[in-house]
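Each chain is listed here by its residues.
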Amino acid sequence: EAQVTQNPRYLITVTGKKLTVTCSQNMNHEYMSWYRQDPGLGLRQIYYSMNVEVTDKGDVPEGYKVSRKEKRNFPLILESPSPNQTSLYFCASGRLVDTQYFGPGTRLTVL
Amino acid sequence: AQSVAQPEDQVNVAEGNPLTVKCTYSVSGNPYLFWYVQYPNRGLQFLLKYITGDNLVKGSYGFEAEFNKSQTSFHLKKPSALVSDSALYFCAVRDYSGNTPLVFGKGTRLSVIA
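These remarks concern the structure in this document. (Residues numbered from 1 in each chain as written. Chains lettered and ligands numbered in written order. Predicted model: local features only at pLDDT ≥ 70, side-chain atom pairs only at ≥ 80, totals over all residues. Heavy atoms only, no water.)

### Let's talk about the sheet that holds strand S7 (residues 65-66) of chain A
Residues and elements named next belong to chain A. Counted only if it meets this: Strands are treated as partners if at least two bridges between them are detected by DSSP. In DSSP terms, a helix is any run of H or I states spanning at least four residues, a strand is any run of E spanning at least two, and both are numbered starting from the N terminus.
With respect to topology, four strands assemble into an open sheet ordered S1-S3-S8-S7, the strand pairing being antiparallel. Bordering the open sheet on either side are strand S1 (4-7) and S7, each of which pairs with just one other strand. Two strands pair when backbone bridges link them, and S1 and strand S3 (residues 19-25) are joined in this way by four bridges, in the antiparallel orientation. From the neighbouring strand, Val4 faces S3, where its bridge partner is Gln25.

Right, here's the structure in full:
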């Protein structure tokens, strides 16, 4: 089944404790991206990747890191999470100019 | 830089009535345009897209959208709304001309009232 998977789906952590949210797709897509969704602010892009070893900042990259060592994986890293990073996170993948497929989301709470 | 505007945070419509969710965009070249829907506690799902060709695009669940280049709009429509259409709708645009990311609007919450 073609899909984008994210783990964990829910995470509660404390300020400053490094965490990684994994994202994996099995559709051989070049383009992958991370978004955060906050009430009243819609969907904001954090980082995106056009292909392996190619990543770029989106609208809200501060406090996040990403890597794209393999085509299928695009982990999101929070080196020192803060409460303002409490949000709902989505990973997506797709062809560069085509439909994006979204993961189920990761709800992160930083205390 | 490309951008998308969804001027309405909320749209309310009675079941059976036609619905429109508005979207306007700005790109330097030609646009690729998309609509996505998000049901409660779910990820975003693709509804329809405009890449090229007919200005009227038909998508999933009876939705359609009309690309209007002169007005830079891509409004989402459905002739007869269902209560189950109640969800959050996102318009997105990508500039055809280069390696640019997909940009989303802030979303419009559609409520269909029985």
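Once you've had a look at it, read on.
### A few points about the pattern of salt bridges
In a structure, side chains of opposite charge can pair up when their charged atoms sit close to one another. Residue and element names in this part refer to chain A. How we decide: Salt bridge, as used here, is a side-chain nitrogen of Lys or Arg placed within 4 Å of a carboxyl oxygen of Asp or Glu. Burial classes follow relative accessibility: with a 1.4 Å probe on protein chains only, a residue under 20% of its type's maximum area counts as buried, one over 50% as exposed, and anything between as partly exposed.
Within this structure, the stated rule accounts for seven salt bridges over all chains. Measuring nitrogen to oxygen at the nearest pair gives 2.8 Å for the salt bridge that ties Arg36 to Asp38. In this pair, the class of Arg36 matches that of Asp38, namely buried. Across the pair Lys65 and Glu79 runs a salt bridge whose closest N-O atoms are separated by 2.9 Å. Of this pair, Lys65 sits in strand S7 while Glu79 sits in the loop between strand S8 (76-78) and strand S9 (87-94); the two residues are 14 residues apart in sequence, bridging distant segments of the chain. Given a relative accessible area of 37%, Glu79 falls into the partly exposed group. Salt bridges sharing common partners tie together Lys18, Lys65 and Glu79.

### Some words on the packing of aromatic side chains
So the rule is basically this: Two rings from Phe, Tyr or Trp (for Trp, the six-membered ring) form a pair when their centres sit within 6.5 Å of each other. Planes less than 30 degrees apart are called stacked, planes more than 60 degrees apart edge-to-face, and all others tilted.
Following the criterion strictly, the structure yields 14 aromatic pairs over all chains and no others. Arranged with centres 5.5 Å apart and planes meeting at 75°, the rings of Phe102 of chain A and Tyr36 of chain B form a pair that is edge-to-face. Of this pair, Phe102 of chain A sits in strand S10 (residues 100-102) while Tyr36 of chain B sits in strand S5 (residues 31-38), on two different chains. When its relative accessible area of 11% is taken as the criterion, Phe102 of chain A is described as buried. Ring plane angle 45° and centroid distance 5.6 Å describe the contact between Phe63 of chain B and Tyr89 of chain B, whose orientation is recorded as tilted. Taken together, the residues Phe63 of chain B in the loop between strand S7 (56-58) and strand S8 (64-68) and Tyr89 of chain B in strand S10 (residues 87-95) connect sequence positions 26 residues apart.

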